[in-house]
Amino acid sequence: MEQEKGTTIVVFSGELDKVMAAFIIANGAAAYGHKVTMFFTFWGLNTLKDEAASPGKKGPLEKMFGWMMPKGANKLGLSKMHYLGIGPKLIKHVIKKHKAMTVPQLIELAQEQDIKLVACTMTMDLLGIKQEEMMDGIEYGGVAAYIGDAENANTNLFI
Amino acid sequence: MEQEKGTTIVVFSGELDKVMAAFIIANGAAAYGHKVTMFFTFWGLNTLKDEAASPGKKGPLEKMFGWMMPKGANKLGLSKMHYLGIGPKLIKHVIKKHKAMTVPQLIELAQEQDIKLVACTMTMDLLGIKQEEMMDGIEYGGVAAYIGDAENANTNLFI
Amino acid sequence: MEQEKGTTIVVFSGELDKVMAAFIIANGAAAYGHKVTMFFTFWGLNTLKDEAASPGKKGPLEKMFGWMMPKGANKLGLSKMHYLGIGPKLIKHVIKKHKAMTVPQLIELAQEQDIKLVACTMTMDLLGIKQEEMMDGIEYGGVAAYIGDAENANTNLFI
């Protein structure tokens, strides 16, 4: 039995540049017929937050994590050159100037291409993030779901 | 001949959150029957240091590296939100509250599951780290050992 | 048909230590008969810049990126312990003391071993980097080129 072409990406980092790279590779792989899974864990989880959602009732610790972490793909910082937030603005400006895709657009394209976007339930439990805070059209799973998909894929990246 | 299920992880980073992610994936893969190798190099090497060991005699440069680098899995910082050490304490608090596993417990589980923990000898030579400083039950090897294991594994990550 | 032994590495990070790790793995894999592709994107692209090249005419945004980013493999910083530039000097000192290879030497070895070094054209377009600024003997390609090589390789890393 031939192995299906597949790509999985663990999106651990929540920085704009790394998340962009993850989606560019994922969308590229999907365009070439790969079955693609992106597994969002730790800081990467912030990418899938729904900007408009209310966080609901939280304990003091969960509130603290909520304040410290960016809420959604439009709020991500850069891994380098953050410079008081100027870096992300510069990158977004360059993206606009070159008519390249923003992260929200890359997410939309990923969903159109049936890329499986999985939010790590263990991280959600640890940091007190609820499903109501997350965007629509994503799946929820733990490390077992990731291992299963990675076994069937040839390209497995951790970003 | 069918390829055995296998996972290798290069643990380059020495941050608490990334090391946790590495061990969670490794332990998950081992639980699903994968043969797993974790190859600790550069800053990742600090994870395998024995907290109680004496560093022994060192030259001035080796001493300087020794001072600057965390000594063992309990001393690792975070890749984000370090905030004068509050971040790691917060994460450890959350882990305790949720009865999740700490890094030392994840290492123990890895050893129980026969995950191969390899310390990169090249990094040890460069930074003047000796085998007496490292925890028991680990192996020592170079890039050749890693390449060999990666060839036989389907999932190969760099963290 | 048996799959050829292959390794691909996306070099996203531009830090000295991560770039060193990437080249050590790549050169090791090539020495064991792997077909190796290194795909340099985002900050990793700085590794392949020709130190001696003139940047040519640039717009104000492109100039700003030019100022902010290191120019060539000798100018890269560390991911940890940067300490006003002392960290990279210390590492370079240790490399020299142990007669280990510097990044420019690792690049040379990679080229001798026919490792394919690919500069990401999308990043070059976005940041306004021109081919005249890059070192000789490299290839240029986009995500499609990377996906193609990754499909034929067993070990695919993102660094």
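Use the structure listed above.
This one's a predicted model, so the numbers in the text were calculated from it and none came from an experiment.

Looking at the nonpolar core
Ranked by internal contacts, the top residues of the largest apolar core, which has 138 residues, are A:Met38, B:Met38 and C:Met38. Ignoring any residue separated from it by four or fewer positions in sequence, one finds C:Met38 in contact with C:Ile9, C:Val11, C:Ala22, C:Ala26, C:Ile115, C:Leu117 and C:Val118.

Some words on the sheet that holds strand S5 (residues 155-158) of chain A
Residue and element names in this part refer to chain A. Across the sheet, 5 strands lie side by side as S4-S3-S2-S1-S5; this open sheet has parallel pairing. Each edge of the sheet is formed by a strand with only one pairing partner; in this case those strands are strand S4 (139-141) and S5. On average, each strand axis in the sheet is tilted by 20° relative to the strand beside it, whichever way the strands run. The sheet contact formed by strand S1 (residues 6-11) and S5 spans 4 bridges and is parallel. Note that in S5 the partner of Ile9 across the bridge is Leu157.

A few points about the relation of the copies chain C and chain B
Both copies of the chain are related by a screw-like operation: a rotation about an axis and a shift along it. For the pair chain C and chain B, the relating rotation is 120°, the translation along its axis is 0.0 Å, and the fit reaches an RMSD of 0.0 Å. Taken together, the rotation angle and the small translation identify this as a three-fold axis. Mapped onto chain B, only 10% of the interface residues of chain C are again interface residues, and the two copies thus contact each other with different surfaces.

So, the pairing of strand S2 (residues 35-40) of chain B
Regular strands place side chains that alternate from one sheet face to the opposite one. Residues and elements named next belong to chain B. Of all 6 residues that make up S2, 5 are buried, and the element is covered over most of its length. Here strand S1 (residues 6-11) pairs with S2 via 6 bridges, running parallel. Looking at the pairing, Val10 lines up with Phe39 of S2. Judged from the 4 bridges that link them, S2 and strand S3 (residues 116-120) form a sheet pairing that is parallel. When the sheet's bridge partners are listed, Phe40 is paired in S3 with Ala119.

Some thoughts on the relation of the copies chain C and chain A
Between chain C and chain A, the superposition needs a rotation of 120° and an axial shift of 0.0 Å, giving an RMSD of 0.0 Å. In this assembly, only 13% of the residues forming the interface of chain C have copies in chain A that are likewise at the interface, indicating a heterologous arrangement.

Things to note about the interface of chain C and chain B
By convention, interface size is frequently given as the accessible area that disappears when the constituent parts associate. Taken together, the contact pairs 20 residues of chain C with 15 residues of chain B. Of all the secondary-structure elements, those providing two or more residues to the side of chain C that touches chain B are helix H1 (16-31) and strand S5 (155-158) of chain C. With 7 residues, the single largest contributor to the side of chain C that touches chain B is H1(C).

Structural notes on the interface of chain C and chain A
Across the boundary between the two partners, chain C contributes 15 residues, which contact 20 residues of chain A. Secondary-structure elements contributing two or more residues to the side of chain C that touches chain A are helix H2 (60-68), helix H5 (121-127), helix H6 (143-151) and S5 of chain C. Among the elements that take part in the side of chain C that touches chain A, H6(C) stands out by supplying 5 residues, more than any other.

So, the sheet that holds S2(B)
Residue and element names in this part refer to chain B. Taken in spatial order, the 5 strands of this open sheet run S4-S3-S2-S1-S5, and their pairing is parallel. Edge positions in the sheet fall to strand S4 (139-141) and strand S5 (155-158), since each of these pairs with one other strand and no more. Strand-to-strand, the axes of this sheet are offset by a mean angle of 20°, without reference to chain direction.

What counts and what doesn't
Residues numbered from 1 in each chain as written. Chains lettered and ligands numbered in written order. Predicted model: local features only at pLDDT ≥ 70, side-chain atom pairs only at ≥ 80, totals over all residues. Core = buried A, V, L, I, M, F, W, Y, C linked by C-beta atoms within 7 Å. Buried ≥ 20, exposed ≤ 12 C-beta atoms within 10 Å, placed from the backbone. Contact = placed C-beta atoms within 7 Å. Pairing = 2+ DSSP bridges. Helix = DSSP H or I, 4+ residues; strand = E, 2+ residues; numbered from the N terminus. Axes fitted to C-alpha atoms, helices over the stretch in contact; angles between N-to-C directions. Least-squares fit on C-alpha atoms with pLDDT ≥ 70 in both.

No statement about biological role is implied by the geometric values presented.
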